[in-house]
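Working through the structure, step by step
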Amino acid sequence: MTERIFNFSSGPAVLPLPVLVQVQRDLVALPGIGMSVMEISHRSVPFEAIIGKAEADIRTLANVPDGYRILFLQGGASLQFSMVPLNLLTEGRTADYLMTGTWADKAVKEARRVGTVHETGSTAADGYNRIPTDAECTFTPGAAYVHMTSNNTIEGTQWQRLPGADDGPLVSDASSDIFSRPIDISKYGLIYAGAQKNLGPSGVTLVIIREDLLGRSSPSLHTMLSYAIQAENGSLYNTPPVFGVYVLGLVIEWLLALGGLPAIAAINERKAGKLYAELDRTGFWRPTAQKDSRSRMNVTFRLATEELEKAFVKESTAAGFDGLKGHRSVGGMRASIYNAFPEDGVDRLIEFMRDFEGRNG
Ligand SMILES: *Cc1c(COP(=O)(O)O)cnc(C)c1O
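Worth saying up front: this structure is predicted, and the values here are computed from it rather than measured.

Examining the overall build of the chain
For the chain, the count of helices and strands is 9 helices and 14 strands. A globule of 361 residues ought to have a C-alpha radius of gyration of about 21 Å, and the chain, at 21 Å, matches this closely. Seen along its three principal axes, the alpha-carbon backbone of the chain occupies a region of about 65 × 55 × 30 Å. Each of the 361 residues in the chain was classed as buried or not, and the buried ones make up 53%. Considering only intrachain contacts with a sequence separation of at least 6, the fraction spanning at least 24 residues in the chain is 67%. Accessible surface computed for the chain: about 15,300 Å², of which carbon and sulfur atoms make up 53%.

Okay, here's the thing in structure tokens:
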């Protein structure tokens with residue numbers, strides 16, 4: 001097999017090696033089917049089994065209660081920025097948006113095109129380096145919904161509690177930390193995630209929606225944009241992203257075999273814990289997120305000068321690490337260590353960091 005390097009990409013991101021190996025092995029012909037998953041009808045018995053198992057495994061993995069529907073859509077998390085308000089922000093109501101980063105900014109922009117929006121809890125003045133406290137957030141009584149971004153991929157912050165909203169269903173953009181730790185689905189009205197960070201390849205978007213919210217989808221909504229129609233048709237109104245659903249299903253199987261969400265959460269805590277401990281060890285490194293807001297998925301940090309940061313990115317690439325450059329909008333460095341990122345890669349990065357500090361500190 002071709003040598004794999006340590007891939008810190010923020011997305012599309014590293015996939016579990018056993019999943020890639022299985023995809024490669026079964027790509028030309030699914031066992032017992034004799035055709036590739038990409039070549040069979042989405043209405044065939046084998047594909048129905050694939051999508052059915054993916055859904056059942058998600059229900060097991062995340063303890064999804066009865067009364068929730070699981071959808072496999074397209075258009076990425078970005079289309080959900082539109083679909084959420086188009087379906088849920090009904091006439092005369094207000095949607096609350098928790099403003100915690102670049103992706104929340106993009107989400108609220110689409111909601112504004114649809115209806116009335118109340119932005120709250122913004123930490124923009126601090127460069128989005130933290131999650132707001134409850135005291136900083138105000139919620140609209142009877143809000144259509146409250147939108148949060150559970151993990152802020154670019155700024156490296158993550159909610160470690162649920163926001164204090166007690167009115168209006170919680171809608172969470174969980175694109176970059178879905179299934180990285182246990183989650184109480186019953187606390188949410190809707191959860192969405194583009195697959196390409198923690199679930200599989202790009203092209204498929206997972207939506208978990210409480211059934212009563214389907215009643216809000218107006219019959220005048222365009223068919224493909226309606227949660228109600230997508231749910232009625234079991235995500236098969238049109239051709240779904242068959243390959244993406246298949247790989248996503250394998251990733252869920254991999255998570256279950258690992259011991260489920262408590263097991264992956266323990267691994268993620270250990271990986272992030274080591275890396276933050278190294279960043280805190282001396283003043284050489286400058287982790288950017290405030291301590292109580294730190295993401296377990298995207299670890300963001302800077303160095304004293306941009307020259308040093310450039311040298312770090314260049315030398316780390318030469319040393320066999322990829323994707324450590326921070327998002328172009330914020331600069332610095334970012335180590336994305338999603339579920340599938342191997343712990344060994346974190347250990348190797350820390351070794352490299354010590355060496356780099358020794359030479360430049
Ligand atoms: C990557 C990302 C998005 C955008 O996802 P697409 O699938 O590319 O549209 C939205 N929200 C968050 C939190 C993300 O990390």
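So, next bit.
Observations regarding unusual backbone geometry
Looking along the chain, the bond that leaves Gly-11 and enters Pro-12 is cis, with omega of -15°. Position of Pro-12 among the secondary structure elements: in the loop between β1 (6–7) and α1 (17–26). Unlike most non-glycine residues, Phe-179 shows phi in positive territory, near 60°. Checked against the element boundaries, Phe-179 lands in the loop between β8 (170–173) and β9 (190–194). Classification of Phe-179 by relative accessible area gives buried; the value is 3%. Notably, Ser-235 is not glycine yet its phi reads approximately 65°, a positive angle. Mapped onto the elements of the fold, Ser-235 is located in the loop between α5 (227–232) and α6 (242–258).

Quick word on the nonpolar core
Ranked by internal contacts, the top residues of the largest apolar core, which has 77 residues, are Ile-58, Phe-72, Phe-179, Ile-208 and Phe-312. Residue contributions to this core peak at 10 residues, all from α6. Two domains each put at least three residues into this core: domain 1 (18–258) and domain 2 (259–360). Core analysis: the second largest hydrophobic core is formed by 27 residues, Val-108, Ala-144, Tyr-145 and Tyr-227 among them.

Conventions adopted
- Residues numbered from 1 in each chain as written.
- Predicted model: local features only at pLDDT ≥ 70, side-chain atom pairs only at ≥ 80, totals over all residues.
- Heavy atoms only, no water.
- Helix = DSSP H or I, 4+ residues; strand = E, 2+ residues; numbered from the N terminus.
- Rg over C-alpha atoms; globule rule 2.2 N^0.38 Å.
- Buried < 20%, exposed > 50% of the residue type's maximum accessible area, 1.4 Å probe, protein only.
- Contact = heavy atoms within 4.5 Å.
- Areas by Shrake-Rupley, 256 points an atom, 1.4 Å probe, with all protein chains shown as cover.
- Core = buried A, V, L, I, M, F, W, Y, C linked by side-chain atoms within 4.5 Å.
- Domains from an automatic or database assignment.

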